Amino acid sequence: MLKKIEYVISFCPKGANFFSVESELIVRSLRTMVSLLIAVISLGASAQTDTLRLTLDECISMARRQSVDAAVALGELKSAYWQWRSYKANLLPEVSFSSSGSYNKRYTSYQQADGGVSYVRNDYLGLNGSLYVTQKIWPTGGTLSVESSLDYLHQSGREGGNQFMSLPIAVTLSQPLFGVNHLKWNRRIEPLRYREAQARFLSETEQVAMEAVSLFFSLLIAGEQVGIAEQNLQTAEKLYEVAQAKRKMGTISENDVLQLRLNVLTARSNLTNSESTRQARQFALRSFLDVEEDIEPVVPEEVPQIRLQYDEVLSHALTNNAFATTIRRRQLEADYNVASARANRQSITLNAQLGYTGMAESMGGAYRDLLSKEVVQVGFSIPILDWGKRKGQRKMAESNREIVQGQLRQQTQEFRQNLFVLTEQFNNQAEQLSIACEADTIARRRYHTNVETFKIGTISTLELSDAQTSKDEARQNRISQLYNYWRYYYQLRSITLWDFEKGCDISEDIKKL
């Protein structure tokens, strides 16, 4: 639009009165507006092409803060935390208040002393309120409660009146006998369950770091492949021009020229494919980190010089990893199921209550001249003939415990074996990385030497292609070996929950989270 306006203005001859003064002002205003619009669009385009340079440590830190996987791990930890809080609250005294009221005005049947039945009218208002304090006794599995209540009854009619019945205090004990103590078993299992959840959260946090490392190096390798493809294309085009000049001089065959032309086409195809791969991996990392900018990963040139001892790694894993806690929890749960099945053969419960009560026509009088109140109740249920049902349940629980013990032994052996292999792979990876770096340097030097040698005509295109392939493979192998090093490193951190660089446990402020 701006060019069209300038074209119209320049088309007018000097001194011509083609535009009026008002028209010239409008044109100038339009030109200013268009210039501002172009500037805004340019700024927006430059903002959209901004890239975010990230080191590996920055990528991992960002993933732990704002990735979806980290949020899921934190949500699971919160759920386990509130389950633990509920269990702890279940062991504390519970105070509750209950109240109810009713009004009745109806006729009901009444049997008289001579055996006759007549209907009488009931017209009364009843209210009651009770306050309870209940405490579970985990050493015995019983329940101790203290109760205080007041009942009020108002009867209408000629013989009606008010009545109060008070229960200032009553202590009640409910104690199962010869049964399984669920509270005592939960007291042993629930702390392990919460400790397991904490360790699992830390492991999942390190697994988030592992995923960040994987996506980071995936994008890094894709970027290296694009760089290699661009360099190969430039070199292929330059060598093709040299070959055409040599062909004119008759120092090279037509077959070699065609081969170099094919190399140019192959390089262009590889560049297109590499750019598509880089865009896909760019999108994957941006989605994982929840960022809008394009990410430019920075190659981590330095790695921590650490050599690990298997015994030390195993000790940290058995102390910190959720797997060890899971083993102890599953063993206790299997024993608990066996104990429950054995205790299911009979059910005996003792209920005892001791307190005082009073009755009067006034509220104050109901708390004077109190009478004692004692209640002892024993209930039991013993099966006489169940056709072996409870015995079968007990045997099934014992068999399941043996299965769990066998599975845990096998899983423990696999855990130790996998940890040993991973430790050896990490220790060997430092040497593999050193070899890959040296091979990359040698392959690049060899390729540049062959390019210069081909220009003077002392090597063939096949030797040049072989040098290029070796150079590309060596560069990609270097990045892959660097990725393997960091992958093994964070995998060991997720298993042991130990920071090998700082020499301390990986811990988080769980309550703060």
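Residues numbered from 1 in each chain as written. Predicted model: local features only at pLDDT ≥ 70, side-chain atom pairs only at ≥ 80, totals over all residues. Heavy atoms only, no water.

**Student:** Outline the environment of Val-313, supporting the account with residue identities and numerical values.
**Tutor:** Tracing the backbone through its elements, the reader meets Val-313 in helix 7 (residues 310-320). The sequence separation of Val-313 and Leu-492 amounts to 179 residues, and the corresponding C-alpha distance is 8.3 Å. Excluding anything up to four places from it in sequence, Val-313 contacts Leu-308, Leu-419, Thr-423, Leu-492, Thr-496 and Phe-500. (Helix = DSSP H or I, 4+ residues; strand = E, 2+ residues; numbered from the N terminus. Contact = heavy atoms within 4.5 Å.)

**Student:** Tell me about the packing of aromatic side chains, and please be specific about residues and values.
**Tutor:** The tally for this structure, following the rule as stated, stands at 17 aromatic pairs. Judged by centre distance (5.2 Å) and plane angle (5 degrees), the ring pair of Trp-84 and Tyr-194 falls under stacked. Taken together, the residues Trp-84 in helix 4 (residues 68-90) and Tyr-194 in helix 5 (residues 182-249) connect sequence positions 110 residues apart. Summarising the burial analysis for this pair, Trp-84 and Tyr-194 share the class buried. (Phe/Tyr/Trp six-rings, centres within 6.5 Å; stacked < 30°, edge-to-face > 60°. Buried < 20%, exposed > 50% of the residue type's maximum accessible area, 1.4 Å probe, protein only.)

**Student:** Residues and numbers for the pairing of strand 5 (residues 161-177), please.
**Tutor:** Inspection of the sheet shows strand 4 (residues 142-155) paired to strand 5 by 12 bridges, in the antiparallel sense. Bridge pairing in strand 5 links Leu-144 to Leu-173. As paired strands, strand 5 and strand 7 (residues 347-360) are joined by 12 bridges and run antiparallel to one another. Bridge pairing links Ser-174 to Asn-351 in strand 7. (Pairing = 2+ DSSP bridges.)

**Student:** Which residues make up helix 8 (residues 322-343), and what values go with them?
**Tutor:** Each full turn of the α-helix corresponds to 3.6 residues, which orients residues three or four apart in the same direction. With 22 residues, helix 8 extends 31 Å from end C-alpha to end C-alpha; this agrees with the ideal 32 Å at 1.5 Å per step. Between the side-chain oxygen of the N-cap and the backbone nitrogen of Phe-323 there are 2.7 Å, and the N-cap of helix 8 in question is Asn-321. (Expected span 1.5 Å × (residues − 1). Polar contact = N/O pair within 3.5 Å; in protein donor to acceptor, adjacent residues only side chain to side chain.)

**Student:** Can you explain the packing of helix 4 against helix 5? Please cite residues and give values.
**Tutor:** Where helix 4 contacts helix 5, the axes come no closer than 9 Å and their chain directions differ by 170 degrees. It follows from the interaxial angle that helix 4 and helix 5 lie roughly antiparallel. Crossing angle aside, the handedness with which helix 4 passes helix 5 is left-handed. Each of Asp-69, Ala-70, Ala-73, Leu-74, Glu-76, Leu-77, Ala-80, Tyr-81, Gln-83, Trp-84 and Tyr-87 in helix 4 lies in contact with helix 5, whose residues at this interface are Asn-186, Arg-187, Glu-190, Pro-191, Arg-193, Tyr-194, Ala-197, Gln-198, Phe-201, Glu-204 and Val-208. Per-class residue counts for the contact of helix 4 with helix 5 are 13 nonpolar, three polar and six charged. (Axes fitted to C-alpha atoms, helices over the stretch in contact; angles between N-to-C directions. Parallel < 35°, antiparallel > 145°, perpendicular 65-115°, else oblique. Left-handed = near helix turned anticlockwise from the far one by under 90°. Nonpolar A, V, L, I, M, F, W, Y, C, P; charged D, E, K, R; others polar.)

**Student:** Hey, could you go over the pairing of strand 6 (residues 294-297) for me, with residue numbers and the actual values?
**Tutor:** Residues Ile-295 and Pro-297 point to one face of strand 6 and are all buried, whereas Asp-294 and Glu-296, pointing to the other face, are not buried. By the bridge criterion, four bridges tie strand 1 (residues 51-54) to strand 6 in an arrangement that is parallel. Pairing of Thr-51 across the sheet is with Asp-294, part of strand 6.

**Student:** How would you summarise the side chain of Glu-190 if you had to cite specific residues and measurements?
**Tutor:** Tracing the backbone shows Glu-190 in helix 5. Residues within four places of Glu-190 in sequence aside, it is in contact with Gln-83, Trp-84 and Tyr-87.

**Student:** Outline helix 3 (residues 56-66), listing residues and values.
**Tutor:** Residues of helix 3 that are buried include every one of Leu-56, Cys-59, Ile-60, Met-62 and Ala-63, and no others. End-on, the buried residues of helix 3 take up no more than an arc of 165 degrees, which puts them together on one face. Opposite the buried face of helix 3, at more than 90 degrees from it, the exposed residues are Asp-57 and Arg-65. (Arc of directions from axis to C-beta.)

**Student:** Break down the pattern of salt bridges for me, with residues and values.
**Tutor:** Enumeration according to the criterion identifies 20 salt bridges in this entry. Residue Asp-472 pairs with Lys-471 through a salt bridge whose shortest N-O separation is 3.0 Å. With respect to burial, Asp-472 and Lys-471 carry one shared label: buried. A single salt-bridge network, built from bridges that share partners, covers Glu-190, Arg-193, Glu-196, Arg-200, Arg-329 and Glu-333. (Salt bridge = Lys/Arg side-chain N within 4 Å of Asp/Glu carboxyl O.)

**Student:** Could you give an account of the nonpolar core, naming the residues involved and the relevant values?
**Tutor:** Within soluble globular proteins, side chains that are nonpolar tend to cluster in buried spots. Formed by 48 residues in total, the largest nonpolar core has its most connected members in Val-213, Phe-217, Leu-289, Trp-486 and Leu-492. Among the secondary structure elements, those contributing two or more residues to this core are helix 3, helix 5, helix 6 (254-289), helix 7, helix 8, helix 9 (389-455) and helix 10 (461-496). Once residues within four sequence positions are removed from consideration, Trp-486 is found in contact with Leu-56, Val-213, Phe-217, Pro-300, Glu-302, Val-303 and Pro-304. Formed by 19 residues, the second largest nonpolar core is a distinct cluster that contains Val-226, Leu-233, Phe-454 and Ala-467. (Core = buried A, V, L, I, M, F, W, Y, C linked by side-chain atoms within 4.5 Å.)

**Student:** Can you lay out a nonpolar patch on the surface for me, pointing to particular residues and giving the numbers?
**Tutor:** Taken together, the side chains of Val-95, Phe-97, Leu-131, Val-133, Leu-144, Val-146, Ile-169, Val-171, Leu-173, Tyr-356 and Leu-370 present a nonpolar region at the surface, about 900 Å² in accessible area. Note on placement: Tyr-356 falls in strand 7. Under the relative-accessibility criterion, Tyr-356 is labelled partly exposed at 45%. (Patch = residues over 30% accessible without salt bridge, like charges linked within 9 Å, V, L, I, M, F, W, Y side chains within 5 Å. Areas by Shrake-Rupley, 256 points an atom, 1.4 Å probe, with all protein chains shown as cover.)

**Student:** Let's hear about unusual backbone geometry: which residues, and what values?
**Tutor:** Backbone geometry at Asp-290 places phi at a positive 60 degrees, although glycine is not the residue there. Within the fold, Asp-290 resides in the loop between helix 6 and strand 6. With a phi close to 55 degrees, Asp-369 is a non-glycine residue in the positive phi region. Turning to its location among the elements, Asp-369 is positioned in the loop between strand 7 and strand 8 (371-381).

By themselves, these are just geometric observations and shouldn't be taken as functional.
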